[in-house]
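# Working through the structure, step by step
The chain contents come next:
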Amino acid sequence: MVRSEIAKPKRRRRLLIALGVVGALLVAGVFVLRTPSPVGHWNSAAGYEDYLAKYGRSMQDMPKPAATLDVRTDYGLVRVYRFAGSPKNLRPLVLLPGTMSGTPVWADNMPSLLKLGDVYTLDLLGEPGMSIQNRPITNADDKAAWLDQTLAALPDKQFNVLGLSIGGWTATNLAVRRPDRIATLSLLEPGLVFGNIPAETAIRALPASVKWLPRSWRDSFNSYTAGGAPVEHVPVADMIESAMKNYTIRQPQPGRITEQQLADLKMPVLAIIAGKSVMHDPIKAREVAERVLKNKTVKFYPDASHAINGEYPDQLAADLQAFLTTHGRTS
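The structure reproduced in this document is the subject of the present report.

About the thresholds
Residues numbered from 1 in each chain as written. Predicted model: local features only at pLDDT ≥ 70, side-chain atom pairs only at ≥ 80, totals over all residues. Heavy atoms only, no water. Helix = DSSP H or I, 4+ residues; strand = E, 2+ residues; numbered from the N terminus. Buried < 20%, exposed > 50% of the residue type's maximum accessible area, 1.4 Å probe, protein only. Areas by Shrake-Rupley, 256 points an atom, 1.4 Å probe, with all protein chains shown as cover. Arc of directions from axis to C-beta. Contact = heavy atoms within 4.5 Å. Polar contact = N/O pair within 3.5 Å; in protein donor to acceptor, adjacent residues only side chain to side chain. Axes fitted to C-alpha atoms, helices over the stretch in contact; angles between N-to-C directions. Parallel < 35°, antiparallel > 145°, perpendicular 65-115°, else oblique. Left-handed = near helix turned anticlockwise from the far one by under 90°. Nonpolar A, V, L, I, M, F, W, Y, C, P; charged D, E, K, R; others polar. Expected span 1.5 Å × (residues − 1). Salt bridge = Lys/Arg side-chain N within 4 Å of Asp/Glu carboxyl O. Phe/Tyr/Trp six-rings, centres within 6.5 Å; stacked < 30°, edge-to-face > 60°. Core = buried A, V, L, I, M, F, W, Y, C linked by side-chain atoms within 4.5 Å. 1 Å grid on protein atoms, 1.4 Å probe; cavity = no way out; pocket = protein on both sides within 12 Å on 5 of 7 lines; lining within 4 Å. Points joined across faces, edges and corners; volume = space filled by probe spheres on them.

Once that is clear, we can look at the overall build of the chain. Across its full length, the chain holds 13 helices and eleven strands. Expressed as a percentage of its 331 residues, the buried residues of the chain come to 59%. Within the structure as shown, the chain displays about 13,400 Å² of accessible surface, and the carbon and sulfur contribution to it stands at 53%.

Before going further, it helps to spend a moment on helix α11 (residues 282-292). Those residues of α11 that fall on the buried side of the exposure criterion are Pro282, Ala285, Val288, Ala289 and Val292. What you see down the axis of α11 is that its buried residues fit within an arc of 125°, all on one side. For α11, the exposed residues lying more than 90 degrees away from the buried face are Ile283 and Lys284. Looking at the buried residues of α11, the elements they touch are α10 (259-263), β10 (269-274) and β11 (296-301). With a side-chain oxygen positioned 3.1 Å from the backbone nitrogen of Ile283, the residue opening α11 is Asp281.

In this structure, Asn89 takes a positive phi of about 60° despite not being glycine. Under the relative-accessibility criterion, Asn89 is labelled exposed at 56%.

Closest axis-to-axis distance for the helix α3 (residues 45-59)/helix α9 (residues 235-246) pair is 8 Å, and the angle between their directions is 160°. Regarding the angle of α3 to α9, the classification is roughly antiparallel. Crossing of α3 over α9 shows left-handed handedness. Facing Gly47, Asp50, Tyr51, Lys54, Tyr55 and Ser58 of α3, the residues of α9 in contact are Pro235, Val236, Asp238, Met239, Ser242, Ala243 and Asn246. When the residues that make up the contact of α3 with α9 are grouped by side-chain class, the tally is six nonpolar, four polar and three charged.

The terminal C-alpha atoms of α3, which comprises 15 residues, lie 21 Å apart, in line with the 21 Å expected from a rise of 1.5 Å per residue. When we look at burial in α3, the residues that qualify are Gly47, Tyr51, Lys54, Tyr55, Ser58 and Met59. The buried residues of α3 occupy an angular sector of 140° when the element is viewed end-on, so they sit on one face. In α3, those exposed residues whose orientation departs by more than 90 degrees from the buried face are Ala45, Ala46 and Glu49. Buried residues along α3 sit against β1 (41-42), β3 (76-83) and α9.

The next thing to look at is the pattern of salt bridges. Within the structure shown, the criterion is met by nine salt bridges. We note a salt bridge from Asp148 to Arg178, for which the minimum N-O separation is 3.5 Å. Within this pair, whereas Asp148 is found in helix α5 (residues 140-152), its partner Arg178 is found in the loop between α6 (166-177) and β8 (182-188), the two being separated by 30 residues in sequence. One salt-bridge network, in which partners are shared between bridges, spans Asp148, Arg178 and Arg181.

This brings us to the packing of aromatic side chains. Under the defined criterion, the tally for this structure stands at seven aromatic pairs. With 5.3 Å between their ring centres and 45° between their planes, Trp42 and Tyr48 make a pair best called tilted. Here the aromatic cluster, defined as three or more aromatic residues joined through ring pairs, consists of Trp42, Tyr48, Tyr51, Tyr55 and Tyr247.

Core analysis: the largest hydrophobic core is formed by 45 residues, its most contacted members being Leu122, Trp146, Leu185, Phe194 and Leu262. If you tally residues by element for this core, the top one is α5, at six residues. Residues in contact with Trp146, not counting those within four places in the same chain, are Thr73, Tyr75, Val78, Leu122, Leu124, Leu125 and Ile137. Counting 43 residues, the second largest nonpolar core, distinct from the first, contains Val105, Leu114, Met239 and Ala274.

The next point concerns the environment of Leu320. Residue position: Leu320 is located in helix α13 (residues 313-327). Leu320 sits in the buried class, given a relative accessible area of 2%. Measuring from C-alpha to C-alpha, the distance between Leu320 and Leu113 comes to 8.7 Å, with 207 residues separating the pair along the chain.

Scanning the entire structure with this criterion turns up four cavities of 30 Å³ or more. Taken as a whole, the second largest cavity holds about 120 Å³ of empty space. When residues of the lining of the second largest cavity are assigned to their parent elements, the largest contribution, four residues, is made by α13.

In short, shape yes, function no, at least from these values alone.
Quick look at the structure:
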């Protein structure tokens, strides 16, 4: 189906901020560590109420969930939504978002993804969203543990896990440490998996990480990560702006996944890399994925930015369907 020139920029604007803030927050860890609280938290009641209102408005662009679950883990409650899709004899998809975003960033992808079967989305623990952290997350093992415990509470034994940006790192970290519940691993512009964040991006991220600076500083950085696209006056952008301003993340910065860890992965891996990404060197990231992963499918979108899921939702779904038809069936 041909998308109109109006619809495509609208999708792009809705999602690109969620992808862009990953760089800002990775760099901002030094500021985060100054807070005395041991867990991620809202900075004020008013800030939390502001975020709740904007999260609710952003969720209006999502289909209605078949179920809303709050899964208890050793590190807090994880908000999970289940969406009923068309039966395809595929294991359910589990979607992990980028940092400072949450479930609403998948709005443009849900229509095509639900054609593949049931979909679970969750809000990352220790991040802004409906999940509530109540115990410190101190290392990568803890990050894998809460996600593994979340999947264990769901009715299926294995899942097709798809991670976007820092959600890609989160999915890979689980696959490295607790792989049993992952049937397939799909990585969409993952952060710190196939390459490091470039110095220019890190430098540009510094102003965006300071909460008291004007929104325009954050918008400028987020636009940079999405190939210069505008970011203003979009519900999900307002939600993420509220999160950046009102929530403090309190957990260690992700460490780079090593090439040896990638080489040791046993499950099939789909890696999708944007040719205009500023979150890693795209050419080198593609080379690492193709050289190191054993059971892999590598896709390269030369004209995509780090906001790839908002730019190419239909192509992503088609590539994912081809991959899962081969590797992600229930039997």
